[in-house]
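# Chains, contacts and geometry: an overview
Residue-level listing of the chains:
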Amino acid sequence: MPAAKPTTRTLTKQTEIIPPKGKLGVLLVGLGAVSTTFIAGVAAIKKGFAEPIGSLTQMGTIRLGKRTDNRVPLVKDFVPLAQLSDLVFGAWDIFPDSAYEAALNAGVLEKELLARLKGPLQKIRPMRAVFDQNYVKRLSGTNVKTGKNKFVLAHQLIEEIAEWKQRNKCSRVVMIWAASTEIFLKVHPVHKTLESFEKAMRENHKAIAPSMIYAYAALKSGIPFANGAPNLTVDIPALRTLADKNKLAICGKDFKTGQTLMKTIIAPGLKARMLGLHGCYSTNILGNRDGEVLDDPESFKTKEESKLSVLEYILQPEVYPSLYKDFSHVVRINYYPPRGDNKEGWDNIDIFGWLGYPMQIKIDFLCRDSILAAPIVLDLALFLDLAQRAGMKGVQEWLSFYFKSPQTAPGLYPEHDIFIQLMKLKNTLRHLRGEDLITHLGLEYYD
Ligand SMILES: NC(=O)c1ccc[n+]([C@@H]2O[C@H](COP(=O)([O-])OP(=O)(O)OC[C@H]3O[C@@H](n4cnc5c(N)ncnc54)[C@H](O)[C@@H]3O)[C@@H](O)[C@H]2O)c1
C-alpha cells in the first residue's frame, strides 16, 4: 500500500475542557480603583452601556489554519469561557465601603455612570481583610480580621470562602490580588516547603505577608490565584508546590499597564531593527491611593524591581553587547494628588542607529491606570477558570501577556516581549482545541 500523503493539517489531540456550567465567583482582594473599575465595567457592559474595550477574551479574534482558510473566530467563541452574565463578585478590603462608594472614591468612572449602576455595586460589601500595616505602611483601616496568628487568619479566610461560594451558588471560584503593593520581600528559608510555611504562619513569622495568607487560603480551597501586584506572594516554593499538589492554576505578577505596557511594545521593535539603547529615563505622576502607597520607599522598591527588569530581558545585552551593554534605566513614581487615577508617564529614550548616531524618543502617556487594568482582570478571571477546567496546573506562563513580571518555571527567564507573549497565549488556546499552532513560516503558500 502506498504511504499516506502527509497533510499540512496535523491536528494535535484536543484537550478535554469541562464546560463552564453555573456561576463563576470572582473574589478580589482589595476593592480599590482597579477592582471597582472592573466590577462596574462588567455591570455597564452587561447592561449594554459600553463595550469591553481592551479585553482580548471579549473582543479578540484568533486565526485558525492557513491564511487562505478564512477561519477567524472570536476568542470567546473558540474556547469555552464563562459568560459575563455568570460572573459573581466578592471582595475583601480594609475599608468597609461598598463597591459603589469605593468606585466614587477612586474617581475613575464618571458619577453619572456609577449612579446608573448603583444597585448592583451597592450590594458588594467587602469582607474583613487580613491586613498588617507593617506590609503597607501608608494605609490603616478598620475592616480587618483579628486572630491569634497567621495560620488562624488563613483558616478564617478558608471558612469565609466556602460560605461565600455556597451563598452565591457558584460552581467555581477564582481569586485575584488587586490590593495595595506590599513592601519588598525576598524568598526566605521559611518559604521553602509547605511545612515550613505553615509553621511560620503559626509563629507569626514576618516573612509571611498578608498576600501569601490569601493565596494560601485560595489554594487550600481549590481556587486558582492571580497576583496583580508586584508582591512576592505566590512566587515562593511552598505555594507553588501547593498549587501543583492541588492541581491549581496560578499566575502573576503585576498587571502590565501604562508605562511598562509601552516599553514592552517599543523595545521589541528597537531590537528587531538592531537599534541601540543608551538609556531610558521614566517618570510618573500619579495621584490615586496606589500612588500614595507607592510613595513609601519600601512599597516602591517592590514596584521598581518589577518595572526595571523588563528592558533587560527583552534587549538581551549579553547577546547584543554592542547595542545594549550597560544601558541606563531609571524609573520614578511621584505621588501627585491632583491627577488622581489619571497618571502621566514620561519616557525619555536615548537610542542610537547607523554608525552610532544618537536619536531620542519622547513618550508622554496620559493614561488611565485602572481603565487599562480592568480588562486585564476580566481576562485573567476567565482564562484562569478556563485553565482550571482544562486541567492546567501550576504556573500559567501563557498568561505572561498580562504581567510586568511574568512567573515562570524556576531557572527559566521570563518572556517580556508583548508580541511573543500574545503568540504564546494564542498558540496555547489553539493547542487546547487541537488546532495547528501558527509558526508564521508560510512557505506552503509558495509551493
Ligand atoms: N492600576 C493599574 O494599572 C495597576 C497596574 C499594575 C498593578 N497594579 C496594582 O494593583 C493593585 C491595586 O491598584 P489600585 O489602583 O486599585 O489601588 P487602590 O489603592 O485603589 O486599591 C487597593 C485596595 O486594596 C486595599 N487593601 C490593601 N491591603 C489589603 C489587604 N491586605 N486585604 C484587603 N484589601 C487590602 C486598600 O484598602 C485599597 O482599597 C496595586 O497593588 C497596584 O500596584 C495596578
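Because the structure is a prediction, the values reported are computed rather than measured.

Within the largest apolar cluster, 67 residues are counted, with the highest numbers of intra-cluster contacts made by Phe38, Leu87, Phe255, Phe383, Tyr402 and Leu429. Considering every element that reaches this core, the biggest residue donor is helix H15 (residues 369-389), with 12 residues. What Phe255 contacts, discounting residues up to four positions off in sequence, is Val34, Ile176, Trp177, Ala178, Gly228, Ala373, Ile376, Val377, Leu380, Tyr402, Phe403 and Lys404.

Bringing the site of the ligand into the picture now. Every one of the 30 residues lining the ligand counts as a neighbour, but Ala33, Val34, Asp93, Ala179 and Thr257 are closest to it. One of the backbone nitrogen or oxygen atoms of Val130 is found 2.8 Å away from a nitrogen atom of the ligand. The side chain of Asp290 places a nitrogen or oxygen atom 3.0 Å from an oxygen atom of the ligand. In the complex, 98% of the free accessible area of the ligand, which totals 830 Å², lies under the protein chains. Those elements that provide at least two residues to the shell around the ligand are helix H1 (33-46), strand E2 (87-93), helix H12 (289-294) and H15. When grouped by side-chain class, the residues that make up the shell around the ligand number 17 nonpolar, six polar and seven charged.

Let us now look at unusual backbone geometry. The step from Gly252 to Lys253 runs through a cis peptide bond, and the omega angle for that step is -10°. Looking at the element boundaries, Lys253 is found in the loop between strand E6 (249-252) and helix H11 (258-272). Look at Met274: it is not a glycine, yet its phi comes out positive at around 55°. Its place among the elements puts Met274 in the loop between H11 and strand E7 (276-286). Residues other than glycine seldom take positive phi values, yet Gln316 does so here, at roughly 50°. Residue placement: Gln316 occurs in the loop between helix H13 (297-315) and helix H14 (321-324).

Here the protein chain averages 94 in pLDDT, and 97% of its residues register 70 or above. Here residues 1-10 is a poorly scored stretch, pLDDT under 50, and it has seven contacts once near neighbours within four places are set aside; other chains count.

Once that is clear, we can look at empty space enclosed by the protein. In this structure the tally under the stated criterion is two cavities of 30 Å³ or more. Computed from the structure, the largest cavity encloses a volume of approximately 60 Å³. Taken together, Lys263, Ile266, Ala267, Leu270, Leu277, Cys280, Leu311, Leu315 and Ile349 make up the full set of residues lining the largest cavity. Elements with a minimum of two residues in the lining of the largest cavity: H11, E7 and H13. Counting residues per element, the lining of the largest cavity draws most heavily on H11, which supplies four residues. Considering only residue class, the lining of the largest cavity consists of eight nonpolar, no polar and one charged. Each pocket or cavity is described by its volume, and for the second largest cavity that value is around 30 Å³. What lines the second largest cavity is Cys251, Gly252, Gln396, Glu397, Leu399, Ser400, Phe403, Pro406 and Gln407. Of the residues assigned to the lining of the second largest cavity, the class counts are four nonpolar, four polar and one charged.

Reading the values: rules and limits
Residues numbered from 1 in each chain as written. Predicted model: local features only at pLDDT ≥ 70, side-chain atom pairs only at ≥ 80, totals over all residues. Heavy atoms only, no water. Core = buried A, V, L, I, M, F, W, Y, C linked by side-chain atoms within 4.5 Å. Buried < 20%, exposed > 50% of the residue type's maximum accessible area, 1.4 Å probe, protein only. Helix = DSSP H or I, 4+ residues; strand = E, 2+ residues; numbered from the N terminus. Contact = heavy atoms within 4.5 Å. Near = heavy atom within 4 Å. Polar contact = N/O pair within 3.5 Å; in protein donor to acceptor, adjacent residues only side chain to side chain. Areas by Shrake-Rupley, 256 points an atom, 1.4 Å probe, with all protein chains shown as cover. Nonpolar A, V, L, I, M, F, W, Y, C, P; charged D, E, K, R; others polar. pLDDT = per-residue confidence, 0-100. 1 Å grid on protein atoms, 1.4 Å probe; cavity = no way out; pocket = protein on both sides within 12 Å on 5 of 7 lines; lining within 4 Å. Points joined across faces, edges and corners; volume = space filled by probe spheres on them.

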